[in-house]
Amino acid sequence: MFPRPLRLLAPLLGCAVLSLTACDDDEPDSQTGSTEAAVMTRNIYLGGNIFLLANAQTFEQVPAIAAQLYATVQATDFRDRAKALADEIQAADPALVGLQEVSLYRTQYPSDFRSYPLPDAANITYDFLAILMAELEARGLNYRVAAKVTNADSELPAALSGNASDLTDIRLTDYDVILSRGDVLISNVVEQNYTTNQQVPVGGASVTFRRGFTKVEATVDGARLTFVNSHMEGLMPANEAQANELATILAGYPRPLILVGDLNTGPGSPTPAYGILTGSAGLTDAWTTVGSGDGFTCCVSDTVNDTTTEGFDERIDLVLYNGDGLEPLSAEVVGDELSDRTEQGRWPSDHAGVVVRFRIDR
């Protein structure tokens, strides 16, 4: 067999060019048969627990909590964690990667939140996507951003100095991203938000935390599939509403289809999305087909410096599939062993990831 680039070029170049190695009668047609490819889902963790903000009963309490949250983001140091995440991708060699909680942090000093509460901070302090892409490139890996949806974009004042009258605006923009390996052909991209999103109380007001999904149609070694990545809300009623909305949308996409993501649901979860997606939506959970063991992916502590694996006690990061010509061959959890931590003792994320290898018919 040719190396991957030549296999892709063979139908175009023809026997005249490749006759020395390729065009005897026994060579299989590059457009028939099947190929194997891995996919990955990875919540890379925004770096802190934003739902701590729901503890603020009044707006005056918000700056202190926001400062505590941002301090955790700094302590969990994505620049360090991204090295471990890039190592995972290098080891798994996935054709497609679904990333969640891909975060962009920006600041503004002094704060203008009181006079202009809309997100406008522009000083970039952490760009998770740029950091991770740089780590992949440093390893000689050829991945590109195939799809990217903007979810929540929120800004709050933080008392970073500890002085309640000396405030800095902290802005968090959340994305879901699909990465594709360089040899994978991409078309028909969708980047979309859900119509129903959860309202979260913050300091006596209500903040909407927007969620979304991304979709591409991919060709891997001549085999075509639809790949969807999402981060669903973990709270009700949004989890159920988003699952129903996504199920309706998926029904109109070409098969075979793979859905990956932190879906905040799983077997036995109090949230109903798992039952919806594996029920009326007709998707199959790859872990139940080829996985071994409990497959837990969530979650270590907010500070990601746990010295045990006890935090992994539920399975909410999923790879689901539907369609003829798509067969899961293996499934593994990555980033859930103590040896996966960085030299500084940080887990790659508060979640573990899932890698599933499929056989896909051409």
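Since we're looking at a predicted model, the values are computed, not measured.

Engineer: Can you walk me through helix H6 (residues 238-250) in this structure?
Structural biologist: Given a rise of 1.5 Å per residue, 13 residues ought to cover 18 Å, and the 18 Å separating the end C-alpha atoms of H6 matches this to within 8%. Along H6, the residues that are buried comprise Ala 238, Asn 239, Gln 242, Ala 243, Glu 245, Leu 246, Ala 247, Ile 249 and Leu 250. Elements in contact with the buried residues of H6: strand E6 (185-193), strand E7 (198-202), strand E9 (212-220), strand E10 (223-231), strand E11 (257-262) and helix H7 (273-278).

Engineer: Please explain empty space enclosed by the protein as it appears in this structure.
Structural biologist: With a probe scaled to a water molecule rolled over the atoms, the places where space remains empty come into view. Enumeration according to the criterion identifies one cavity of 30 Å³ or more in this entry. Here the largest cavity is characterised by a volume of approximately 40 Å³. In terms of lining residues, the largest cavity is bounded by Asp 285, Ala 286, Trp 287, Gly 295, Arg 315, Asp 317, Leu 318, Val 319, Val 354 and Val 356. Put simply, the parts of the chain that give the lining of the largest cavity at least two residues each are helix H8 (286-290), strand E13 (317-322) and strand E15 (353-361).

Engineer: Looking at this structure, I do not really get unusual backbone geometry. What am I missing?
Structural biologist: Peptide bonds are trans in most cases, and residues, glycine excluded, mostly fall at negative phi. At the junction of Tyr 109 and Pro 110, the peptide bond is cis and its omega measures out at -5° in the coordinates. Within the fold, Pro 110 resides in the loop between strand E2 (96-108) and strand E3 (123-127). Between Arg 255 and Pro 256 the backbone carries a cis peptide bond, its omega angle lying at 0°. Along the polypeptide, Pro 256 turns up in the loop between H6 and E11. Of note in the backbone geometry, Asp 93 takes a positive phi value of approximately 50° without being a glycine.

Engineer: Help me understand the state of the cysteines, please; the structure alone is not making it clear to me.
Structural biologist: A covalent bond between the sulfur atoms of two cysteines is referred to as a disulfide. Taken as a whole and judged by the stated rule, the model has one disulfide. Residue pairing for Cys 298: its cysteine sulfur links by disulfide to Cys 299, the two sulfurs lying 1.6 Å apart. Handedness here is read from the sign of the S-S torsion; for Cys 298 and Cys 299, about -90°, the answer is left-handed.

Engineer: Looking at this structure, I do not really get the side chain of Arg 81. What am I missing?
Structural biologist: Inspection of the secondary structure puts Arg 81 in helix H4 (residues 78-92). It is Asp 350 that comes nearest to the buried, bridge-free Arg 81 among opposite-charge side chains, at 6.5 Å. Among the polar contacts listed, one links the side chain of Arg 81 to the backbone oxygen of Ile 44, at a separation of 2.8 Å. Those residues in contact with Arg 81 that sit more than four places away from it in its chain are Ile 44, Tyr 45, Gly 47, Thr 76, Phe 128, Val 304, Thr 342, Arg 346, Trp 347, Pro 348 and Ser 349.

Engineer: Please clarify how the sheet that holds E6 should be interpreted in this entry.
Structural biologist: Whether parallel or antiparallel, the strands of a sheet pair through hydrogen bonds between backbone atoms. With respect to topology, six strands assemble into an open sheet ordered E6-E9-E10-E11-E13-E12, the strand pairing being mixed. Of all the strands in the sheet, just E6 and strand E12 (284-285) have a single pairing partner and so form its edges. Examined bridge by bridge, E12 and E13 share two bridges and lie antiparallel to one another. Along E13, the bridge assignment pairs Asp 285 with Leu 320.

About the thresholds
Residues numbered from 1 in each chain as written. Predicted model: local features only at pLDDT ≥ 70, side-chain atom pairs only at ≥ 80, totals over all residues. Heavy atoms only, no water. Helix = DSSP H or I, 4+ residues; strand = E, 2+ residues; numbered from the N terminus. Expected span 1.5 Å × (residues − 1). Buried < 20%, exposed > 50% of the residue type's maximum accessible area, 1.4 Å probe, protein only. Contact = heavy atoms within 4.5 Å. 1 Å grid on protein atoms, 1.4 Å probe; cavity = no way out; pocket = protein on both sides within 12 Å on 5 of 7 lines; lining within 4 Å. Points joined across faces, edges and corners; volume = space filled by probe spheres on them. Disulfide = S-S within 2.5 Å. Lys, Arg positive; Asp, Glu negative; His and termini not counted. Salt bridge = Lys/Arg side-chain N within 4 Å of Asp/Glu carboxyl O. Polar contact = N/O pair within 3.5 Å; in protein donor to acceptor, adjacent residues only side chain to side chain. Pairing = 2+ DSSP bridges.

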